[in-house]
Amino acid sequence: MTTPVKTEKLYDTDAYCKSFSATVLSCDPVKGSGQYAVVLNRTAFFPEGGGQYADTGTLNDVPVLDVQMSDDGVITHYCDGALPPMTQVNGVLDWDQRYERMQNHTGEHLVSGTVHRLYGLDNIGFHLGERDVTCDFNGELSDEQLREVERVVNRAVWENVDVYAEYPDPATLPDLDYRSKLELTEDVRLVTIPGYDVCACCAPHVARTGEVGLIKIVNSEKAHGGTRIHMICGPWALEDYTVKQTNILRIVDLTSTPQEETADAVEALQRQNGHLTHELSVAQQHQANIALQFLKDQMEGETFHGAAPSGNLVVYLPSLETDALRALANGGRELCCGVFVALTDSANGYRYIATAKKLPLSKLAREFNEALNGRGGGRDEMVQGSFGADLADIEEFFRQNTFPA
């Protein structure tokens, strides 16, 4: 049995290698996917690993969709087309994607190293996504501590410190102080940012911290008994700032408030909205009660002619909130011997709540909905939903139909 030859990792020695030539060692179709598994003698494509997605790009203009490395060091490129074995190919990386990941990964090392140095916490989880980096730490971090971490790591960016990636002599490894999630004994690659971090890592990094650009911790939350932070660097941070600045300026225009006072202005609007919502609810409940009292007075005076021969009754009040509509329906249950239908407006027709004293409304609702382009359901005492039919058709349906108990 032939031992597979490890793929030469060009990204290990030159993180800035954007294109390269290589020999195709094998090309096999991947069953059921339409893709081809291509193995080269050397590659600059970083395979998925260590919390980071694989690089993408092309081999002889054939798209590289994914890259994976086996335990024996063979790197497989999953391509959208075949490449003949033993031919020379030219590989080109999606460089913008790769460089942004390098910026964010180096920024994460600065943050994780600083958290460890200042607060003694370990990074126990890392994921570099499409536009977001998450780090899990095995302890709590306060907002003030995270602000201090931000100040320190951005100072490291401004200092433009060298970043080194190297394989130390295995004999000296036990004496070195470095961060690692795993107990490593061989092929240990250390990424060093003097004064800030030393960490075992397999991924490409920028050469100097100044290339990272702005480092921003955008959010934090409790996770796995500790703290998860969300952070972004470089162009991702700029895009995030642009979106937030655009939104804050819209709020400034809408509230006629200086930027530094927008949170207070929005909070005041929320309080005002809550007060108005309560007043509206009280007014609508009162409106429903007036309507019910009017119906009751008419019935007691024997001058009421609104009830259909069927015993059903439909009452429409525009723009009611759910609580007021329910109050109308509950009160109307006692006013007729059939189905009482409380109606109000909806985006595509009418919302309804129907009540009855001794009718199987849960079954009858299917009949209502089928006849009136509706949907909804509920219990025998009350059903609710929406009708798509015209108001006149709804009123006519309940006027003409008698429903058995």
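Quantities reported herein were computed from a predicted structural model and do not represent experimental measurements.

S.K.: Go over the pattern of salt bridges, please, and point to the residues and values.
M.R.: For the structure on display, the rule yields 20 salt bridges. The shortest N-O distance in the salt bridge between Arg147 and Glu144 comes to 3.1 Å. Of the two residues, Arg147 and Glu144 are both situated in helix α3 (residues 143-159); the distance of 3 residues between them amounts to about one turn of the helix. A salt bridge links Glu381 to Arg379, with the nearest nitrogen and oxygen atoms 3.7 Å apart. Its relative accessible area of 51% is what places Arg379 among the exposed residues. One continuous salt-bridge network, built from bridges that share partners, spans Glu144, Arg147, Glu148 and Arg151.

S.K.: Help me get a handle on the packing of helix α2 (residues 95-119) against helix α4 (residues 234-255), residues and values and all.
M.R.: α4 packs onto α2 with a crossing angle of 90° between their chain directions and a minimal axis gap of 7 Å. Overall, the two elements α2 and α4 adopt an arrangement that is roughly perpendicular. When α2 is examined against α4, the residues Glu100, Gln103 and Asn104 are found in contact with a partner set consisting of Gly234, Pro235 and Trp236.

S.K.: Can you break down the packing of α4 against helix α5 (residues 262-300) residue by residue, with the values?
M.R.: A pair of packed helices can be characterised by two numbers: the angle between their axes and the separation between those axes. At a closest axis distance of 10 Å, the pairing of α4 and α5 adopts a crossing angle of 55°. Between α4 and α5, the crossing angle belongs to the class labelled oblique. Every pair of crossing elements has a handedness; the one defined by α4 and α5 is left-handed. Here Ile248, Ile251, Val252 and Thr255 of α4 lie close against α5, whose contacting residues are Thr262, Ala265, Val266 and Leu269. Considered class by class, the residues forming the contact of α4 with α5 number 6 nonpolar, 2 polar and no charged.

S.K.: Describe the packing of aromatic side chains, and please don't skip the residues or the numbers.
M.R.: Tallying each qualifying case throughout the model produces 14 aromatic pairs. Consider the rings of Phe387 and Phe398, whose centres lie 6.5 Å apart with planes at 45°: the pair is tilted. With a gap of 11 residues between them, Phe387 in strand β20 (residues 382-387) and Phe398 in helix α8 (residues 391-400) connect regions that are remote in the sequence. The burial state of Phe387 is the same as that of Phe398; both residues are buried. Taken together, the ring pairs connect Tyr352, Phe368, Phe387, Phe397, Phe398 and Phe403 into an aromatic cluster.

S.K.: An account of the pairing of strand β8 (residues 88-93) is requested, with residue identities and associated values reported.
M.R.: Burial along β8 is one-sided: the face carrying Val89, Gly91 and Leu93 is buried and the face carrying Gln88, Asn90 and Val92 is not. Looking at chain direction, strand β2 (residues 19-30) and β8 are connected through 5 bridges and run antiparallel. Residue Ala22 lies in a different strand from β8, and its bridge partner there is Val89. As judged from the 3 bridges shared by strand β5 (residues 57-59) and β8, these two strands associate in the antiparallel manner. Each residue of the ladder has a partner; that of Leu59, found in β8, is Gly91.

What counts as what
Residues numbered from 1 in each chain as written. Predicted model: local features only at pLDDT ≥ 70, side-chain atom pairs only at ≥ 80, totals over all residues. Heavy atoms only, no water. Salt bridge = Lys/Arg side-chain N within 4 Å of Asp/Glu carboxyl O. Helix = DSSP H or I, 4+ residues; strand = E, 2+ residues; numbered from the N terminus. Buried < 20%, exposed > 50% of the residue type's maximum accessible area, 1.4 Å probe, protein only. Axes fitted to C-alpha atoms, helices over the stretch in contact; angles between N-to-C directions. Parallel < 35°, antiparallel > 145°, perpendicular 65-115°, else oblique. Contact = heavy atoms within 4.5 Å. Left-handed = near helix turned anticlockwise from the far one by under 90°. Nonpolar A, V, L, I, M, F, W, Y, C, P; charged D, E, K, R; others polar. Phe/Tyr/Trp six-rings, centres within 6.5 Å; stacked < 30°, edge-to-face > 60°. Pairing = 2+ DSSP bridges.

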